[in-house]
Amino acid sequence: MLHVLGVVGDGEVISWADGWIGNLDRPGDALMALACSARDRYLLTRLLCDLSAGADYWCAFRTVCGHVEGFLREHPQHTEEIAELLDSWVCNRLGESPPDFAGLARFDDGFALARQGIYGQWEDVRQEFLAELHAISTSSAID
């Protein structure tokens, strides 16, 4: 997820895979392929998806929210783009998502309304979005 959002770059993904290979007695094929892959964004994303098969999606999403919050505090220019992606991920799994994720769906429109001067200030919406990410990442809600 972090790679797709642009929070983590290709080189960081490859370094992460290399680190795991050094710590595992028998690294799997997908991890080896990831470490040996060129910096091909599509290939890296596909291999990361292979590695995450069977993982708890919402638990991972909750962890991602904390990393995204930190990233956006340093890179506010990416806030709307990431809000839109998170909104689509939650909406694509409507009915499956834990209740505390529902608030993410309101920010895509919130940024658009603020940017157009219709309702609210952009920075206020951004701060609310960061607070929402923080609340999700620190929630002990059972998925």
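Scroll up to find the structure.
Here the structure is a predicted model, which means the values were calculated and not measured.

Caption draft 1: Broad picture of helix H2 (residues 10–23). Taking 1.5 Å per residue as the helical rise, H2 with its 14 residues ought to reach 20 Å, and the 20 Å between its terminal C-alpha atoms agrees with that figure. The complete set of buried residues in H2 reads Asp-10, Gly-11, Val-13, Ile-14 and Ala-17. Looking straight down H2, one finds its buried side chains confined to an arc of 160°; they lie on one side. In H2, those exposed residues whose orientation departs by more than 90 degrees from the buried face are Gly-22 and Asn-23.

Caption draft 2: Quick look at the pattern of salt bridges. The tally for this structure, following the rule as stated, stands at six salt bridges. Notably, a salt bridge pairs Arg-62 with Asp-100, separated by 2.6 Å at the nearest N-O pair. Here Arg-62, found in helix H5 (residues 57–74), pairs with Asp-100, found in the loop between helix H6 (79–92) and helix H7 (107–115); they are 38 residues apart in sequence, far enough to count as distant. A salt bridge links Glu-69 to Arg-73, with the shortest nitrogen-to-oxygen separation between them at 3.0 Å. Residue Glu-69 and its partner Arg-73 are located together in helix H5, separated by four residues, close to a single helical turn. Judged by its relative accessible area of 10%, Glu-69 falls in the buried class. With relative accessibility at 44%, the residue Arg-73 sits in the partly exposed group. Put simply, Arg-106, Glu-128 and Glu-132 are held in one network by salt bridges that share partners.

Caption draft 3: Representation of the packing of aromatic side chains in the model. All told, the structure shown has seven aromatic pairs when counted by the stated rule. Arranged with centres 6.0 Å apart and planes meeting at 80°, the rings of Phe-111 and Phe-129 form a pair that is edge-to-face. Of the two residues, Phe-111 sits in helix H7 while Phe-129 sits in helix H8 (residues 122–138), which places them 18 residues apart along the sequence. Since its relative accessible area comes to 1%, Phe-111 is described here as buried. One aromatic cluster is present, formed by Trp-58, Phe-61, Trp-89 and Phe-101 through successive ring pairs.

Caption draft 4: Layout of the packing of H6 against H8. Where H6 contacts H8, the axes come no closer than 11 Å and their chain directions differ by 50°. Classified by the angle between their axes, H6 and H8 sit oblique to one another. Handedness of the crossing formed by H6 with H8: left-handed. Between H6, through Thr-79, Glu-80, Ala-83 and Leu-86, and H8, the contact on the second element is made entirely by Trp-122, Arg-126, Phe-129 and Leu-133. The residue makeup of the contact of H6 with H8, split by class, is five nonpolar, one polar and two charged.

Caption draft 5: Representation of the nonpolar core in the model. By size, the foremost hydrophobic cluster in this structure holds 34 residues, and its most contacted members are Phe-61, Val-68, Leu-86, Leu-104, Phe-129 and Leu-133. Mapped onto this core, the elements with two or more residues apiece are helix H1 (2–5), H2, helix H3 (29–36), helix H4 (41–52), H5, H6, H7 and H8. Residue contributions to this core peak at seven residues, all from H5. The residues contacting Val-68, other than those within four sequence positions of it, are Leu-2, Leu-5, Val-7, Ile-82 and Leu-133.

The rules we used
Residues numbered from 1 in each chain as written. Predicted model: local features only at pLDDT ≥ 70, side-chain atom pairs only at ≥ 80, totals over all residues. Heavy atoms only, no water. Helix = DSSP H or I, 4+ residues; strand = E, 2+ residues; numbered from the N terminus. Expected span 1.5 Å × (residues − 1). Buried < 20%, exposed > 50% of the residue type's maximum accessible area, 1.4 Å probe, protein only. Arc of directions from axis to C-beta. Salt bridge = Lys/Arg side-chain N within 4 Å of Asp/Glu carboxyl O. Phe/Tyr/Trp six-rings, centres within 6.5 Å; stacked < 30°, edge-to-face > 60°. Axes fitted to C-alpha atoms, helices over the stretch in contact; angles between N-to-C directions. Parallel < 35°, antiparallel > 145°, perpendicular 65-115°, else oblique. Left-handed = near helix turned anticlockwise from the far one by under 90°. Contact = heavy atoms within 4.5 Å. Nonpolar A, V, L, I, M, F, W, Y, C, P; charged D, E, K, R; others polar. Core = buried A, V, L, I, M, F, W, Y, C linked by side-chain atoms within 4.5 Å.

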